[in-house]
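# Structural description and commentary
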Amino acid sequence: MRSQDYDRIFLSPPHLGRHELNYLHKAIEDNWVAPAGPNLDGFERDICDFTGAGHCVALTSGTAAIHLGLRLLGVGPGDEVLCPSFTFVATANPILYLGGTPVFVDSEADTWNICPQRLREAIEDRIRKGRKPKALLLVHLYGMPAKVREVLEIATEFDIPILEDAAEALGARYDGRPLGTFGAVGVFSFNGNKILTTSGAVPWLPTARSGHKKLGIGPHKPKTRHRITSTPT
């Protein structure tokens, strides 16, 4: 049987209706089309309220969020960053952007996420060779929580900060706590194939220990915007 004989099963097909169209019309009527506006402020605030995070910044993509998060964690040329071998390429690409090297760690069979045992082996191997990893990218693939407790214990033992790639895991919880809030930085995605979509915006959740003050980010509050209206001459 040929593949075209099957109905395609989408990872997470978007559903857009009248409610979204009304918001689109309002944005155009209010002239808030770029670079930001009250919808963006509300979006960031809603993410904070939903996850319990104290800080949220909307960026253009998950790649940009991971890139910025790694920079704040001090990743630079020559550094090594641990990440799962089974993930989307955007998890690893920002490591290369910064001149670092991904150290891929195999998955375990229960959740398909990074294997704690293999993680420990990889860290000990790199330390023996004088190459202690600078950070760990923890991915919750397809919204399935990784073995967070075990991974956190290992990361804490070796003093390695975690950047949590929860791009596909909005709404998922581990021990009652929202994913994306366990690491020094958390990332969600609202790309077209995610649980909820805005077509592109990505909330980036830095914690106090991740250096968010370097960006002047405090507890979320609406930012001051200047609206410029162009009129025909």
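Residues numbered from 1 in each chain as written. Predicted model: local features only at pLDDT ≥ 70, side-chain atom pairs only at ≥ 80, totals over all residues. Heavy atoms only, no water.

### Brief notes about the overall build of the protein
The secondary structure content of the protein amounts to six helices and nine strands. Carbon and sulfur atoms form 55% of the exposed surface of the protein, whose accessible area is close to 13,300 Å². (Helix = DSSP H or I, 4+ residues; strand = E, 2+ residues; numbered from the N terminus. Areas by Shrake-Rupley, 256 points an atom, 1.4 Å probe, with all protein chains shown as cover.)

### What about the pairing of strand β3 (residues 101–105)?
The sheet contact formed by strand β2 (residues 80–84) and β3 spans five bridges and is parallel. The residue of β3 that forms the bridge with C83 is F104. As a crossover connection, the stretch from β2 through helix α4 (residues 89–97) into β3 is right-handed. (Pairing = 2+ DSSP bridges. Right-handed = clockwise from strand over helix to strand, strands pointing away.)

### Considerations on a nonpolar patch on the surface
A surface patch of nonpolar side chains, amounting to about 370 Å² of accessible area, comprises L21, L24, I28 and V33. Turning to its location among the elements, V33 is positioned in the loop between α1 (18–29) and α2 (38–51). Of the residues examined, V33 reaches a relative accessible area of 62% and is grouped as exposed. (Patch = residues over 30% accessible without salt bridge, like charges linked within 9 Å, V, L, I, M, F, W, Y side chains within 5 Å. Salt bridge = Lys/Arg side-chain N within 4 Å of Asp/Glu carboxyl O. Buried < 20%, exposed > 50% of the residue type's maximum accessible area, 1.4 Å probe, protein only.)

### A short note on the state of the cysteines
Using the criterion set out here, one finds zero disulfides in the structure. Between C56, a free cysteine, and C48, which holds the nearest cysteine sulfur, the sulfur-to-sulfur gap is 4.9 Å. (Disulfide = S-S within 2.5 Å.)

### Some thoughts on the pairing of β2
The element β2 is extensively covered by neighbouring structure, given that five of its five residues are classed as buried. Inspection of the sheet shows β2 paired to strand β4 (residues 135–139) by two bridges, in the parallel sense. Of the residues in β4, the one forming a bridge with L82 is L136.

### Looking at the packing of aromatic side chains
Counting across every chain of the model gives four aromatic pairs. Ring centres 5.0 Å apart and planes at 80 degrees place the aromatic pair F43 and F190 in the edge-to-face group. Linking F43 in helix α2 with F190 in the loop between β8 (185–187) and β9 (202–206), this pair joins segments that are 147 residues apart in sequence. For the pair F43 and F190, one class covers both residues: buried. Cluster of aromatic residues (ring-pair linked, three or more members): F86, W112 and Y142. A cation sits over an aromatic face here: R177 above F182, 4.3 Å from the ring centre. (Phe/Tyr/Trp six-rings, centres within 6.5 Å; stacked < 30°, edge-to-face > 60°. Lys NZ or Arg CZ within 6 Å of the ring centre and 35° of its normal.)

### A look at the confidence of the model for the protein
Considering every residue of the protein, the mean pLDDT works out to 83; 82% of them sit at 70 or more. Scored below 50 in pLDDT, residues 218–233 shows 24 contacts in the model against residues more than four places distant or in partner chains. (pLDDT = per-residue confidence, 0-100. Contact = heavy atoms within 4.5 Å.)

### Topic: the packing of helix α3 (residues 62–72) against α4
Between α3 and α4, the least distance of the axes is 9 Å, while the angle of their chain directions is 45 degrees. With respect to each other, α3 and α4 are oriented oblique. Crossing angle aside, the handedness with which α3 passes α4 is right-handed. Of the residues in α4, those touching α3 at T63, I66, H67 and L70 are A90, T91, P94, I95 and Y97. For the contact of α3 with α4, a count of residues per class yields six nonpolar, three polar and no charged. (Axes fitted to C-alpha atoms, helices over the stretch in contact; angles between N-to-C directions. Parallel < 35°, antiparallel > 145°, perpendicular 65-115°, else oblique. Left-handed = near helix turned anticlockwise from the far one by under 90°. Nonpolar A, V, L, I, M, F, W, Y, C, P; charged D, E, K, R; others polar.)

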